[in-house]
Amino acid sequence: MLSSLWAFRHFILSSVRADMRNRFARSRLGAMWFILHPLAQALIFSIVLAEVLGARLQGVDVEAAYPIYLLSGLAAWTLFSEILTRSVGIFIEQANALKKIRFPRLSLPIIVLGSALVNHFLLLAAILVIFAFMFGHYANTAWLAIPIGIALISMLAFGVGVFLGVLNVFSRDVAQVMTVVVQLWFW
């Protein structure tokens, strides 16, 4: 299976590029939406939880600690939920391609994974800028652990997503249930 995926690596890479282009098509802000949406969500959560409800991290006197904590968690969750939810429906979405073109079926979730990782790296770059300029916290050695977290989150989401994606082919209720489960899992 790995050798067939390697043989189709150009197909996978071009499909990731096409997926990114298609998601940005006819949008004036383009790729900025991948950054703006999670950051707007984090800003809303930060304002509501930290300012309105007075949420603070115990034992930390830095006022920006809670928004930093929140942005970090939302970045990880965004990666996980994007890979999982898109992988669950990918075999149904690409049913015509599966019938007409011969390629390794596992390529489809790998394309989803690649696209999600590109989105995540854009978001991490934006978060790094926000941490530096808004909160005065610059990248340090702790950022070296991020690739390990990204790898673990991606593997878990990919595995669960592919498993549920195959089940979704036989019972479309799986995708509907996963939408609710992912929302509950977030909270």
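Residues numbered from 1 in each chain as written. Predicted model: local features only at pLDDT ≥ 70, side-chain atom pairs only at ≥ 80, totals over all residues. Heavy atoms only, no water.

**Side note on a nonpolar patch on the surface**
Right, so step 1: The grouping of Leu29, Met32, Trp33 and Leu36 at the surface amounts to a nonpolar patch, some 380 Å² of accessible area in total.
Right, so step 2: Residue position: Leu36 is located in helix H3 (residues 32-52). (Patch = residues over 30% accessible without salt bridge, like charges linked within 9 Å, V, L, I, M, F, W, Y side chains within 5 Å. Areas by Shrake-Rupley, 256 points an atom, 1.4 Å probe, with all protein chains shown as cover. Salt bridge = Lys/Arg side-chain N within 4 Å of Asp/Glu carboxyl O. Helix = DSSP H or I, 4+ residues; strand = E, 2+ residues; numbered from the N terminus.)

**Thoughts on the environment of Phe8**
Right, so step 1: Looking at the element boundaries, Phe8 is found in the loop between helix H1 (2-7) and helix H2 (9-24).
Right, so step 2: Considered as a pair, Phe8 and Ala151 are 143 residues apart in the sequence and their alpha carbons are 22 Å apart.

**What to know about the confidence of the model for the protein**
Right, so step 1: With 93% of its residues at a pLDDT of 70 or more, the protein has an overall mean of 82.
Right, so step 2: Within the protein, helix H7 (residues 146-170) carries the highest mean pLDDT (93), whereas H3 carries the lowest (70). (pLDDT = per-residue confidence, 0-100.)

**A closer look at the side chain of Ser87**
Right, so step 1: As for its position among the elements, Ser87 is in helix H4 (residues 65-93).
Right, so step 2: With a relative accessible area of 0%, Ser87 lands in the buried category.
Right, so step 3: Of note is the side chain of Ser87, whose polar atom sits 2.7 Å from the backbone oxygen of Ile83.
Right, so step 4: Contact partners of Ser87, with chain neighbours within four places excluded, come to Pro109, Val112, Gly161, Val162 and Gly165. (Buried < 20%, exposed > 50% of the residue type's maximum accessible area, 1.4 Å probe, protein only. Polar contact = N/O pair within 3.5 Å; in protein donor to acceptor, adjacent residues only side chain to side chain. Contact = heavy atoms within 4.5 Å.)

**A look at the pattern of salt bridges**
Proximity of charged atoms lets side chains of opposite charge pair with each other.
Right, so step 1: Under the criterion given, the structure shown has 2 salt bridges.
Right, so step 2: Measuring nitrogen to oxygen at the nearest pair gives 3.1 Å for the salt bridge that ties Asp19 to Arg86. Remark: Arg86 occurs in helix H4 and Asp19 occurs in helix H2; sequence separation between them is 67 residues. Each member of the pair, Asp19 as well as Arg86, carries the same accessibility label: buried.
Right, so step 3: Across the pair Glu82 and Arg86 runs a salt bridge, and its minimum N-O distance is 3.8 Å. Of this pair, Glu82 and Arg86 both sit in helix H4, separated by 4 residues, roughly a single helical turn.
Right, so step 4: One network of salt bridges, with partners in common, ties together Asp19, Glu82 and Arg86.

**Some thoughts on the packing of aromatic side chains**
Right, so step 1: Evaluated as defined, the whole model comprises 5 aromatic pairs.
Right, so step 2: With centroids separated by 5.9 Å and ring planes inclined at 55 degrees, the aromatic side chains of Trp77 and Phe186 adopt a geometry described as tilted. You can see Trp77 sitting in helix H4 and its partner Phe186 sitting in helix H8 (residues 173-186), a full 109 residues away along the chain.
Right, so step 3: For the pair Phe80 and Trp185, a centre-to-centre distance of 4.9 Å together with 75 degrees between the ring planes defines the contact as edge-to-face. Of this pair, Phe80 sits in helix H4 while Trp185 sits in helix H8; the two residues are 105 residues apart in sequence, bridging distant segments of the chain.
Right, so step 4: For Phe80, a relative accessible area of 6% translates into the label buried.
Right, so step 5: In this structure Trp185 comes out as partly exposed when scored by relative accessible area, which is 46%.
Right, so step 6: Here the aromatic residues Trp77, Phe80, Trp185, Phe186 and Trp187 are joined through ring pairs into a cluster of three or more. (Phe/Tyr/Trp six-rings, centres within 6.5 Å; stacked < 30°, edge-to-face > 60°.)

**Description of the packing of helix H6 (residues 107-133) against H7**
Right, so step 1: Running from amino to carboxyl end, H6 crosses H7 at an angle of 145 degrees, the nearest separation of the two axes being 11 Å. Between H6 and H7 lies a crossing whose hand is right-handed. For the pair H6 and H7, the contacting residues are Pro109, Ile110, Leu113, Leu117, His120, Phe121 and Leu124 in the first and Ile146, Ile150, Ser154, Phe158 and Val162 in the second.
Right, so step 2: Residues that form the contact of H6 with H7 fall into these classes: 10 nonpolar, 2 polar and no charged. (Axes fitted to C-alpha atoms, helices over the stretch in contact; angles between N-to-C directions. Left-handed = near helix turned anticlockwise from the far one by under 90°. Nonpolar A, V, L, I, M, F, W, Y, C, P; charged D, E, K, R; others polar.)

**Re H8**
Right, so step 1: An ideal rise of 1.5 Å per residue puts 20 Å on 14 residues; H8 measures up with 20 Å between its terminal C-alpha atoms.
Right, so step 2: Buried residues of H8: Val174, Met178 and Val182, and no others. What you see down the axis of H8 is that its buried residues fit within an arc of 70 degrees, all on one side. Opposite the buried face of H8, by more than 90 degrees, sit the exposed residues Asp173, Gln176, Gln183 and Leu184.
Right, so step 3: Packing partners of the buried residues in H8 comprise H4 and H7. (Expected span 1.5 Å × (residues − 1). Arc of directions from axis to C-beta.)

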